[in-house]
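Now for the letters of each chain:
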Number of protein chains: 2
Amino acid sequence: MEKNTVKSLYRETEKYLDQEVIINGWVKKIRDQKNFGFIEVNDGSFFKGVQVVFDTRLSNFEEVSRLSIISSIEVKGKLVKSQGAGQAFEIMAEEINVFQKADLEYPLQNKRHTFEYLRTKAHLRPRTNTFSAVFRVRSVVAYAIHKFFQENGFVYVHTPIITGSDCEGAGEMFRVTTLDLNSLPKKEDGTVDNSKDFFGKETNLTVSGQLSGETFCSAFRNIYTFGPTFRAENSNTARHASEFWMIEPEIAFADLEANMELAESMVKYIIKFVMDECPEEMEFFNNFIEKGLFDKLNNVLNSDFGRLTYTEAIDILLKSGKKFDYPVEWGIDLQSEHERYLAEEYFKKPVFLTDYPKDIKAFYMKLNPDGKTVRAMDLLAPGIGEIIGGSQREDSLEILENRITELGMKPEDYEFYLDLRRFGSFPHSGYGLGFERIIMYITGMTNIRDVIPFPRTPNNAEF
Amino acid sequence: MEKNTVKSLYRETEKYLDQEVIINGWVKKIRDQKNFGFIEVNDGSFFKGVQVVFDTRLSNFEEVSRLSIISSIEVKGKLVKSQGAGQAFEIMAEEINVFQKADLEYPLQNKRHTFEYLRTKAHLRPRTNTFSAVFRVRSVVAYAIHKFFQENGFVYVHTPIITGSDCEGAGEMFRVTTLDLNSLPKKEDGTVDNSKDFFGKETNLTVSGQLSGETFCSAFRNIYTFGPTFRAENSNTARHASEFWMIEPEIAFADLEANMELAESMVKYIIKFVMDECPEEMEFFNNFIEKGLFDKLNNVLNSDFGRLTYTEAIDILLKSGKKFDYPVEWGIDLQSEHERYLAEEYFKKPVFLTDYPKDIKAFYMKLNPDGKTVRAMDLLAPGIGEIIGGSQREDSLEILENRITELGMKPEDYEFYLDLRRFGSFPHSGYGLGFERIIMYITGMTNIRDVIPFPRTPNNAEF
């Protein structure tokens, strides 16, 4: 007889009611009376468990009564309507086979544990309600992203993790090496001879796949990356991790307007998908993690995202009468307080800011005719601030070369990138979405360490 | 008016015939006569291009006639049935706007280039037929894998890339560090003080996500990883890359039989999906890359994969009468020549070999009652040899601890892994599929450097 899953019992209850079923899973709770008892069994397929009723008709009644939390068992029995409150159905056990009676020292007994404590048990925490919900949603959101792009004809590109170029220019990098640190090869001047390293030169972990992604955009029109990226920044905040996943789509023959349309429809698609696919988990988040989560997400789904320029935003901030910690003037990099005022208080919905001063944005963004702003866009969302950053890319070889030189970088380090402007240059745009950031937004979890299976942060690479 | 894609013109020809269309793309070929000309435009959305006919009615006829290969253009015109041979329809241009006339030094003019040469132009090679087909198929196969697992209720896990444990035990690793190699912190004994490194200890790039994957299996029942893995092996072969992607599913309450069923249905699903979704690319591979590719793949789709034990396989090899370079005896690690004999000559279909000698397999594989073999499985396929390797996992705490000790490893390095055997141990199984290997199998490409966008191999980390 086929094994059933708890999910199938919930999703197709009518089909299984009054039938024999077999469930394999773990004891979440157990209560035993003199002649009978109840076990809540979770099999990992579903957010909720199923109640199993057993009594002295079991040949191993004694063994079953003494089972400890998280013991692994197989239950055969009939699925029946439940007499008790709290569940619609339960299994009347005819046979319970014990795979293993769990060690009594199980560190996650049924009581409240802090998220901090659970981080020290990262290998066990997905068994708890909160982290079971978080990591299932993480999986479903990842799939939603692939589905969205693939069904729209985008090509998925694996851009390299180990990079030999230091031109990605977005922060401090991790060195990758096979040199023996206790016996480094040296050049005549006494410095390390990187030519002896595995790749014949210094290599690092990537901080962004964008530049390589653009090369594929010039071949496949619309592409996306979805892979791990790294920052060697020594910042111990709830928002920073050293290793995180990023999605970077790039679209050809597309201006900033098309870029914003893509970002808006992607965000809405993801949220709708996860609300449809994970109703139990999302309800848990709404009830226990972030009150008002559904209102926040429904507001995103039902809004036309706002669009305004950076210059207009500065104007709004100046006229707001608000006292900000960081004074507002044209040219500043907006701080979280400014972004949140705009999204939460002023617009009360997600809003795209565009056309930022070139001096606070990356070299590859397309220069506007005014010569001082670039076709950048940031998506600011209520409750989190910046969630997406992107731009139309500079497609003029001359302007791009000038900009690279002006910033003191070397054009020869960017030959492959400049080639895209020599050989069939085309208007194109793209953006980056931090995967963990959207997971935090959707779940209401406030620490990035709690949405990554095994987070890496300064002084922490456990498991 | 909405822009069209070349793909939509091919897939929905009837809808667009005799209508105005707008295409943005690149000049693949151009032929001009005195008063008219033809351009093959490729827009990246589709394997094939569309023919555009232009004549002196264009206001910029002179400019268009002189366009160089890979110039970027926008074409407005009517889609009509083609008079010429070789295409069913073409666009009669009414307007052609030039984004950029490409530099004449374009290195990929329309002539044959060797794959070796094209590797030096990895940023441009996806624009060629072969690599456009390879990398679109790569993307579609990636999606097929996600779709297969997600639709079967598997949870996708991002296992860590940077690992602080050296217990993954599958080959040489890349060190990850932020220490300044020219000024290393030293301990009193003169060796490097790794406690001063970013994570407070030595860290490396992962070689496998399996052990972390198992922790999620104990929470979600069925899970899979799909991410980059690394080997710092100095082997310059057509089959080895330093950075490659791997898929590692792990299933709970599942023995080796269930594991084989999963692997077989996954392989068939992937092949069928890509043949359905990429008919033009697959036909190209069948015609130009591997003669007989369709026969090979159809044979996989239509076979029930064979199943036999390692011991039975040794017997077949011994009785084969074949002279092998590596002599056959019970206990040897099978070589490619043995694997290919079994799959190609003897069974003529994919075949699972199971129950290998424990001494040639990993420590975590479940020991058979005979005490000398383990519940391993390798899937051998005609034309490639081993394509999948997996096992049922040892779920007995005692046997696993003994095995770790017996192999001279330290149980304390495996605490999190042993915890899974302390707290609700359960039968489970899983396998690893090298992503590039399945892409090579499906496309017929024979060098791993030609199925990775920007391959990393010893002395090569360009782009």
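None of these values were measured; they are calculated from a predicted model.

Attention now goes to the overall build of chain A. Secondary structure assignment for chain A yields 14 helices and 16 strands. C-alpha atoms of chain A, sized along the principal axes, occupy 85 × 60 × 45 Å. Within chain A, the fraction of its 463 residues that count as buried is 61%. Surface summary for chain A: the accessible area is close to 18,500 Å², and the carbon and sulfur share equals 46%. Averaging the positions of the 56 positive and the 71 negative side-chain charges in chain A gives two centres separated by 5 Å.

All names here are of chain B. The five strands are arranged β1-β2-β3-β5-β4 in a closed barrel whose pairing can be described as mixed. Each strand axis lies, on average, 55° off the axis of its neighbour in the sheet, ignoring direction. Where strand β2 (residues 36-42) and strand β3 (residues 50-55) come together, six bridges link them in antiparallel fashion. Bridging across to β3, E40 finds its partner in Q51.

All names here are of chain B. For helix α12 (residues 397-406), the set of buried residues is L400, R403 and I404. With its buried residues spanning 100° around the axis, α12 presents them on a single face. In α12, the exposed residues that point more than 90 degrees away from the buried face are E398 and E406. Of the surrounding secondary structure, the elements contacted by the buried residues of α12 are α13 (415-422). Directly after α12, the chain includes G408, whose backbone phi takes a positive value near 80°.

Further remarks concern the relation of the copies chain A and chain B. Mapping chain A onto chain B calls for a screw motion: a turn of 180° about the axis and a shift of 0.0 Å along it, with 0.0 Å RMSD after fitting. What the rotation and shift describe, once combined, is the action of a two-fold rotation axis. Relative to the rotation axis, the C-alpha of V176 of chain A is the closest in chain A, positioned 2.4 Å from it. Most of the interface of chain A is mirrored in chain B, where 100% of its interface residues are also at the interface.

Let's shift gears to the pattern of salt bridges. In this structure the tally under the stated criterion is 68 salt bridges over all chains. Across the salt bridge formed by K201 of chain A and E462 of chain B, the nearest N and O atoms sit 3.2 Å from each other. Of the two residues, K201 of chain A sits in the loop between β8 (175-177) and β9 (203-205) while E462 of chain B sits in the segment after α14 (435-443), which places them in two different chains. Across the pair E415 of chain A and R422 of chain A runs a salt bridge, and its minimum N-O distance is 3.1 Å. The exposure class assigned to E415 of chain A is partly exposed, which follows from its relative accessible area of 35%. Its relative accessible area of 15% is what places R422 of chain A among the buried residues. A single network of salt bridges, built from pairs that share partners, joins E214, E250, R393 and R421 of chain A.

Evaluated as defined, the whole model comprises zero disulfides over all chains. Left unpaired, C278 of chain A is separated from the closest cysteine sulfur, that of C217 of chain B, by 19 Å.

Parsing chain A into structural domains produces domain 1 (6-100), domain 2 (126-162 + 214-450) and domain 3 (171-206). Of note, the centres of domain 1 of chain A and domain 3 of chain A, computed from C-alpha atoms alone, are 58 Å apart.

The next point concerns the environment of G331 of chain B. All names here are of chain B. Turning to its location among the elements, G331 is positioned in the loop between α10 (310-319) and α11 (336-347). A residue is classified by how much of its surface remains accessible, and G331, at 30% relative accessible area, is partly exposed. With 54 residues separating them in the primary sequence, G331 and G385 have C-alpha atoms 19 Å apart. With residues near it in sequence (within four places) discarded, G331 still touches Y310, P357 and I360.

The rules behind each value
- Residue numbers run consecutively from 1 along every chain, following the written order of its sequence.
- Just so you know, chain letters begin at A and ligand numbers begin at 1, following the order they were written in.
- Given that the model is predicted, a residue must reach a pLDDT of at least 70 before its local features are reported, and side-chain atom pairs must reach 80 or more before they are shown or counted; all residues, however, enter totals for whole chains, interfaces and linings.
- Side-chain numbers come from the whole structure's heavy atoms, not from hydrogens or water.
- Strands are runs of DSSP state E lasting at least 2 residues, helices are runs of H or I lasting at least 4, and numbering of each runs from the N terminus.
- When accessible area is computed with a 1.4 Å probe and restricted to protein chains, residues below 20% of their type maximum are described as buried, those above 50% as exposed, and intermediate ones as partly exposed.
- Throughout, the Shrake-Rupley method with a 1.4 Å probe supplies accessible areas, and for residues the shown protein chains are the sole cover considered.
- The charge count includes Lys and Arg as positive and Asp and Glu as negative, but it does not include His or the ends of the chains.
- Note on charges: their place is set at NZ of Lys, CZ of Arg, CG of Asp or CD of Glu.
- The rule for pairing is simple: two strands pair if DSSP sees at least two bridges between them.
- Every angle, taken between N-to-C directions, lies between 0 and 180 degrees, and every axis is a line fitted to C-alpha atoms, over only the stretch in contact when it is a helix.
- It is the directions from the helix axis to the C-beta atoms that the arc portrays.
- Contacts are assigned to residue pairs that have any heavy atoms within 4.5 Å of one another.
- All copies are superposed by least squares; the fitting set is the C-alpha atoms of residues with a pLDDT of at least 70 in both.
- In the sections that follow, a salt bridge refers to a side-chain nitrogen of Lys or Arg positioned within 4 Å of a carboxyl oxygen of Asp or Glu.
- Two cysteine sulfur atoms form a disulfide, by the criterion used here, when they sit within 2.5 Å.
- Domain start and stop points were drawn from an automatic or database domain assignment.

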